[in-house]
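One letter stands for each residue in the lines below.
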Amino acid sequence: MQQTLEVMGQVCPFPLIEAKKVIEELKSGDELVIQFDCTQATESIPRWAAESGHTVTNFEQLSEAAWTITVKKK
């Protein structure tokens, strides 16, 4: 299953906080697609995923100030 979390316009650290909440509800192997525009999250979300044992399966810049990261739950 894949779930999308759209947190455009939210300042850091809220995209990461929301991602942590949503991924807890997912099953192992499910993916969370996070769409955001906070530059700090380009570092904090992949770091959190790695430290938590999750896998980043996609990390893409959508525009000058917008990104999408897909995290697969461990």
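Residues numbered from 1 in each chain as written. Predicted model: local features only at pLDDT ≥ 70, side-chain atom pairs only at ≥ 80, totals over all residues. Heavy atoms only, no water.

A. Spatial organisation of the environment of Gln 61. Along the chain, the position of Gln 61 falls in strand E3 (residues 55-63). Apart from residues no more than four positions distant in its own chain, Gln 61 is found in contact with Ala 66 and Trp 67. Of note is the side chain of Gln 61, whose polar atom sits 3.2 Å from the backbone oxygen of Glu 64. (Helix = DSSP H or I, 4+ residues; strand = E, 2+ residues; numbered from the N terminus. Contact = heavy atoms within 4.5 Å. Polar contact = N/O pair within 3.5 Å; in protein donor to acceptor, adjacent residues only side chain to side chain.)

B. Local environment of the pattern of salt bridges. For the structure shown, the criterion picks out one salt bridge. Between Lys 21 and Glu 18 there is a salt bridge, with its nearest N and O atoms 3.5 Å apart. Taken together, the residues Lys 21 and Glu 18, both in helix H1 (residues 14-25) and three residues apart, mark about one turn of the helix. The class for Glu 18 is partly exposed, based on a relative accessible area of 24%. (Salt bridge = Lys/Arg side-chain N within 4 Å of Asp/Glu carboxyl O. Buried < 20%, exposed > 50% of the residue type's maximum accessible area, 1.4 Å probe, protein only.)

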